[in-house]
Amino acid sequence: MALKSNFEQILSGFSKLSYLERLSKLEEAGFIRHEDSLFLAGGGLKDFRLGEKFIENVIGYFQLPLGVATQFRIDQKDFVIPMAVEETSIVAAACKTAKWVRECGRITTSVSGAQIIGQIQLAKVANFEKFKALILEKKSEFISLANRDVAASMVRRGGGVTDILVRELIRPEGGCMAVIHVLMDPKDAMGANIVNQVCEYLKFPIEQATQEKVTMCILSNLVDTKITHAQIVLEKIDQDLAHKIEEASLFSELDPYRAATNNKGVMNGIDPILIATGNDWRAVEAGVHAYAARSGQYRSVTRWKKTGQGLVGSFEAPIVVGTVGGVTNLHPTAQLALRILGVSGANHLSRICAAVGLVQNLGALKALTTVGIIEGHMKLHIKNLTLGAGAEEPEIPYVVKRLEEILGLNKRISMSQAVEVLQELRSQNSPP
Ligand code: MEV
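Fair warning: this is a prediction, and the values are worked out from it, not measured in the lab.

*Asks:* Is there a simple way to think about the overall build of the chain in this case?
*Replies:* Helix and strand content of the chain: 17 helices and 10 strands. Reported as C-alpha extents along the three principal axes, the dimensions of the chain are approximately 90 × 50 × 45 Å. When burial is assessed residue by residue, the chain has 48% of its 432 residues classed as buried. Within the chain, residue pairs in contact and separated by at least 24 positions form 72% of the contacts whose partners lie at least 6 positions apart. Accessible surface, the chain as shown: approximately 21700 Å² in total, 55% of it carbon and sulfur. Across the chain, the 48 positively charged side chains and the 46 negatively charged ones have centroids separated by 2 Å.

*Asks:* Sorry if this is basic, but what is going on with the nonpolar core here?
*Replies:* Generally speaking, soluble globular proteins have nonpolar side chains that are buried together. Membership of the largest hydrophobic core comes to 55 residues, with the highest contact counts inside it found for Phe72, Ile81, Leu234, Ile270 and Phe315. When residues in this core are grouped by element, the largest group, 10 residues, is from helix H14 (residues 346-369). Sequence-distant contacts of Phe315, defined by excluding residues within four places in its chain, comprise Thr228, His229, Ala230, Val266, Ile270, Val301, Thr302, Ala354 and Leu358. With 36 residues, the next largest nonpolar core counts Met154, Ala189, Val198 and Ile206 among its residues.

*Asks:* Teacher, can you tell me more about the packing of helix H6 (residues 128-149) against helix H8 (residues 192-210) here?
*Replies:* In a pair of packed helices, the angle between the axes and the distance between the axes together describe the arrangement. At a minimum axis distance of 10 Å, the contact between H6 and H8 shows a crossing angle of 140°. Taken together, the axis directions place H6 and H8 in an arrangement best described as oblique. The two elements H6 and H8 meet at a crossing, and its hand is right-handed. Residues Phe131, Leu134, Ile135, Lys138, Phe142, Leu145, Ala146 and Asp149 of H6 lie in contact with H8, whose contacting residues are Val198, Tyr201, Leu202, Pro205, Ile206, Ala209 and Thr210. Looking at side-chain class alone, the contact of H6 with H8 contains 12 nonpolar, one polar and two charged residues.

*Asks:* Looking at this model, I keep getting lost on helix H11 (residues 281-292). Mind explaining?
*Replies:* Helical geometry: 3.6 residues make up each α-helical turn, so side chains three or four residues apart lie on a common side. In a regular helix each residue adds 1.5 Å, so 12 residues correspond to 16 Å; H11 covers 16 Å between its end C-alpha atoms and thus fits that length. The complete set of buried residues in H11 reads Ala283, Val284, Glu285, Gly287, Val288, Tyr291 and Ala292. Capping of H11 at its N-terminal end is provided by Asp280; its side-chain oxygen lies 3.2 Å from the backbone amide nitrogen of Arg282.

*Asks:* How should I be thinking about the pattern of salt bridges in this particular structure?
*Replies:* Proximity of charged atoms lets side chains of opposite charge pair with each other. If you walk through the whole model with that rule in mind, you get 25 salt bridges. Residue Asp36 is joined to Arg33 by a salt bridge in which the shortest nitrogen-to-oxygen separation is 3.9 Å. Under the relative-accessibility criterion, Asp36 is labelled buried at 5%. A residue is classified by how much of its surface remains accessible, and Arg33, at 35% relative accessible area, is partly exposed.

*Asks:* Hey, could you run me through the site of the ligand in this one?
*Replies:* Surveying the vicinity of the ligand reveals the residues Glu87, Arg258, Thr261, Asn262, Lys264, Gly265, Asn268, Ala364, Leu368 and Ile373. Interatomic distance of 2.6 Å between a side-chain N/O atom of Glu87 and an oxygen atom of the ligand. Contact distances for the ligand include 2.9 Å between an oxygen atom and a side-chain N or O atom of Asn268. In isolation the ligand has 300 Å² of accessible area, and contact with the protein removes 84% of it. Going through the elements one at a time, helix H10 (256-276) and H14 are the ones with two or more residues in the shell around the ligand. Here the shell around the ligand gets six residues from one element, more than from any other, and that element is H10. Across the shell around the ligand, the residue classes tally to three nonpolar, four polar and three charged.

*Asks:* Explain the packing of H10 against H11 here, please?
*Replies:* As a packed pair, H10 and H11 sit with axes 10 Å apart at the nearest point and diverge in direction by 155°. With respect to their mutual orientation, H10 and H11 come out roughly antiparallel. Of the two possible hands of crossing, H10 and H11 adopt the one that is right-handed. Here Asn263, Met267, Ile270, Asp271, Leu274 and Ile275 of H10 come into contact with H11, specifically with Trp281, Val284, Glu285, Val288, His289 and Ala292. For the contact of H10 with H11, the residue count by class is eight nonpolar, two polar and two charged.

*Asks:* Explain the packing of aromatic side chains here, please?
*Replies:* Ring pairs (aromatic) are described by centroid distance and by the angle formed between their planes. All chains considered together, the criterion is met by zero aromatic pairs. When the ring centre of Trp281 is taken as origin, the NZ or CZ atom of Arg282, which lies over that ring, is 4.4 Å away. Cation over ring: Lys366 sits above Trp100, and NZ or CZ is 4.4 Å from the ring centre.

*Asks:* So what exactly am I meant to see when it comes to the sheet that holds strand S9 (residues 302-307) here?
*Replies:* Picture the strands of a sheet paired through backbone hydrogen bonds; they go either parallel or antiparallel. Strands sit in the order S3-S8-S10-S9 across an open sheet of four strands; the sheet is antiparallel. Only two strands of the sheet have a single neighbouring strand rather than two, namely strand S3 (105-112) and S9. The average angle at which neighbouring strand axes cross in this sheet is 15°, direction not considered. Taken together, the seven bridges between strand S8 (residues 227-234) and strand S10 (residues 310-317) define a ladder with antiparallel strand orientation. From the neighbouring strand, Thr228 faces S10, where its bridge partner is Ala317. Across the sheet, helix H5 (residues 90-104) lies against S3 and S8, angled at about 100° from S3, the strand it touches most. Contacts between helix H9 (residues 239-254) and the sheet are confined to S9 and S10, with S9 contributing the most and set at about 145° to the helix.

The rules behind the values
Each chain has its residues counted from 1, running along the sequence as written. Under the rules for a predicted model, residues below a pLDDT of 70 receive no local features and side-chain atom pairs below 80 are neither given nor counted, while totals for whole chains, interfaces and linings still include all residues. In computing side-chain values, all of the structure's heavy atoms are included and hydrogens and water are not. Numbering of helices and strands runs from the N terminus; a helix is a DSSP stretch of H or I covering at least four residues, while a strand is a stretch of E covering at least two. Only protein chains enter the area calculation, which uses a 1.4 Å probe; residues under 20% of their type maximum are buried, those over 50% are exposed, and those in between are partly exposed. Pairs of residues are marked as contacts when any of their non-hydrogen atoms sit within 4.5 Å. All accessible areas in this document rest on Shrake-Rupley with a 1.4 Å probe, and a residue is counted as covered only by the protein chains that are shown. The charge count treats Lys and Arg as positive and Asp and Glu as negative. His and the chain ends do not count. Charged groups are reduced to one reference atom each: NZ for lysine, CZ for arginine, CG for aspartic acid, CD for glutamic acid. To qualify as a nonpolar core, a set must consist of buried Ala, Val, Leu, Ile, Met, Phe, Trp, Tyr and Cys residues joined through side-chain atoms within 4.5 Å. Whenever a helix is involved, its axis is fitted only over the stretch in contact; in every case the axis is a line through C-alpha atoms, and angles between N-to-C directions fall within 0 to 180 degrees. When describing relative orientation, an angle under 35 degrees is termed roughly parallel and one over 145 degrees roughly antiparallel, while 65 to 115 degrees is termed roughly perpendicular and anything else oblique. Crossings are classed by handedness, with left-handed meaning an anticlockwise turn of the near helix from the far one by less than a right angle and right-handed meaning a clockwise turn. Three classes are used: nonpolar for Ala, Val, Leu, Ile, Met, Phe, Trp, Tyr, Cys and Pro, charged for Asp, Glu, Lys and Arg, and polar for all others, with Gly counted as polar. Multiply 1.5 Å by the residue count of a helix minus one, and that product is the helix's expected span. Under the rule applied, a polar contact is a pair of N or O atoms within 3.5 Å (in protein, one hydrogen donor and one hydrogen acceptor; residues adjacent in sequence only if both atoms are side-chain atoms). Only one rule defines a salt bridge in this text: a Lys or Arg side-chain nitrogen within 4 Å of an Asp or Glu carboxyl oxygen. Proximity criterion: a residue is near a molecule or strand once any of its heavy atoms comes within 4 Å of it. Each pair of aromatic rings taken from Phe, Tyr and Trp, with Trp reduced to its six-membered ring, is defined by centres within 6.5 Å and is described as stacked if the planes are under 30 degrees apart, edge-to-face if over 60, and tilted in the remaining cases. Any Lys NZ or Arg CZ found within 6 Å of a ring centre and within 35 degrees of that ring's normal is scored as a charge over the ring. Note: two strands are recorded as paired if DSSP finds a minimum of 2 bridges between them.

In structure tokens:
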């Protein structure tokens, strides 16, 4: 589907449009097709039989809102980012911050390394050095076998098993545990199934060659062999703000309590894309957090530093995703999300995720160090309280206005206040 070159113009004022207008603008700009609009407006996926291909005991679907973040320019290319998420303000903050970055800076991304990791555990080996020598002697043979018998289609796509390493872990009682790492390039697949299959397949030849017992085989989510990077450079920004963001960043570098929340905010940008594109967000979460703790202390996966008149931010962590295979292929909404993104493959998707995570982090730090987090949440929160209290359409503007006044006075609002305001209004309107 060809994108209109003036799509930015077509999508301007996107958040102010009605639901159907948003769909038709996305169509007009070339991000979705008319049948996609009909699919989305019709409520998306409904056929339970597809769900049964994914999990057991299906009783229905759990619907999350799917939004799009506009304003993103990443590596000099414009993107509309599909985000499936329930949390208020995430999409709005992404758009607002991406606009800011687009106006006074740039986002660049890259991936270093290509290998994912499979682990083969041998809980106890008699002599580690001897074991290691035997494995390394047979390494090329094991790689060829795995590539021929299990990963042939991956090899045809330019990937496959590339290396085998042996690690020693000391057991608590002093004996030795051996762990074999099987490194594999899964190309555009996430690679979990194939690397698990390779490890299980190698169990027999390893046992035969070493006369030791393999105890388990499974991929590792700590993929420190394939790291996604994103960088934001803001050329010229208010120096007081830059200083505040740098201090906030230092806080999350030094303190694991803050780092956890900082990284949660980063994942606010990443998880919604993973969900929208049918990727395994638990795997990415596990990898990002394990990587954040690699120094022995849990730290932030982002850093912000003042430079001259500007500010530079960076993200670094594994984001292993796929654009082929599994749910990504089968789920029509995931296919639609990938079409909207127009990514060239798994690495590209992972770079987009890193960029959006870093933008989300910048938005959060800007809000936290200036107006605070509540302000951004309040507009929708007031609306939700109003609806939650049971206000009907004509009553909504009055209740919203009163709640805004109460918030201005008390600095907080609650559902019971929304209910009181509504009762007050209804008593005023009811005949004596
Ligand atoms: C809330 O979902 C995310 C934040 O807590 C992130 C952060 O504190 O950096 C605002």
